[in-house]
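Listed here are the chains, written in short residue letters.
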Amino acid sequence: MPLAAVDLPRAYRLLNHGPVTLVSSAHGGRRNIMAAAWAMPLDFDPPKVAVVIDKSTLTRELIEASGIFALNVPCRAQAQATLAVGSISGRDVAGGDKFAHCGLAARPGTALAVPLLDGCVGWLECRVIAEPHNQGRYDLFIGEVVAASADTDVFRDGRWHFEDAPAAKRTLHYVAGGAFYVTGEALDLGE
């Protein structure tokens, strides 16, 4: 799969279309991954994202210990894996590692010591911007994006190109109850 770095001022475009994200984290030899439908771009310079991570999750425990996380943008080919990691807790699987439990391959981040899920179409490596009130009261984490990359089959020239991408590489959108949609028809109205 061809990959290319994404200019950080345009990293928000990896999330701009509202896909499901998989939040990965690691600390002290442990790692985890969870689904998060509530993630969004927040700022351009420096690029920032916001994501809701419940206080009961292992992912949150690892993020609070390490101060880093990654947002992985899964695609249609990963729909079952996305549902699986969103349906179980890392605290309930053998060894506490959902990557291993679900048979998911990962590679190290390019800038941070965080696992990146293989097969996704976008990745944002983030350093937590500490906001204790928001984290404690709203489970809302703000991250500065320090590295971003994308699969050039679907993201190039600073934007998504689903119209000529393989169907398996279209992003997922969660609508509740185990139901997902994939990104559909493109409408180019110019900028």
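To be clear, the structure that these remarks concern was listed above.
Residues numbered from 1 in each chain as written. Predicted model: local features only at pLDDT ≥ 70, side-chain atom pairs only at ≥ 80, totals over all residues. Heavy atoms only, no water.

Chemist: What am I meant to see in the pairing of strand β2 (residues 21-27) here?
Modeler: The side chains of a regular strand alternate, residue by residue, between the two faces of the sheet. In terms of burial, β2 is largely enclosed, as 6 of its 7 residues are buried. As paired strands, β2 and strand β3 (residues 30-36) are joined by 7 bridges and run antiparallel to one another. If you follow A26 over to β3, its bridge partner there is R31. Hairpin remark: β2 followed by β3, antiparallel, with 2 residues in the connecting loop; positive phi at G28, about 55°. Bridge count between β2 and strand β6 (residues 68-73): 3 bridges; the pairing is antiparallel. (Buried < 20%, exposed > 50% of the residue type's maximum accessible area, 1.4 Å probe, protein only. Helix = DSSP H or I, 4+ residues; strand = E, 2+ residues; numbered from the N terminus. Pairing = 2+ DSSP bridges.)

Chemist: Would you explain helix α1 (residues 58-66) in this entry?
Modeler: Taken residue by residue, α1 has L58, T59, R60, L62 and I63 as its buried positions. Among the structural elements, β2, β3, β6, β9 (122-129), α4 (132-138) and β10 (140-151) are those in contact with the buried residues of α1. Positioned one or two residues after α1, G67 has a phi angle of 80°, which is positive. (Contact = heavy atoms within 4.5 Å.)

Chemist: Just to check I follow, could you spell out the nonpolar core for this structure?
Modeler: Across soluble globular proteins, nonpolar side chains show a tendency to be buried alongside one another. The biggest cluster of nonpolar side chains holds 27 residues, and the ones touching the most others in it are L14, V23, V51, F69, L71, L124 and W160. Elements with a minimum of two residues in this core: β3, β5 (47-52), β6, β9 and β10. Ranked by the residues each element gives to this core, the list is headed by β10, at 4 residues. Residues A81, F99, L104 and L116 belong to the second largest nonpolar core, which totals 14 residues. (Core = buried A, V, L, I, M, F, W, Y, C linked by side-chain atoms within 4.5 Å.)

Chemist: Mind showing me how you'd approach the pattern of salt bridges here?
Modeler: Opposite charge on two side chains makes pairing possible when the charged atoms of those side chains draw close. Counted under the stated rule, the structure contains 11 salt bridges. Here E61 and R30 are joined by a salt bridge, their closest N and O atoms 3.2 Å apart. One end of the pair, E61, is in helix α1; the other, R30, is in strand β3, and 31 residues separate them in sequence. When the shortest N-O distance is used, the salt bridge between R60 and E64 registers 3.0 Å. Here the residue R60 and the residue E64 both occupy positions in helix α1, the gap between them amounting to 4 residues, near one helical turn. By sharing partners, the salt bridges in this structure join K55, R60, E64 and D139 into a single network. (Salt bridge = Lys/Arg side-chain N within 4 Å of Asp/Glu carboxyl O.)

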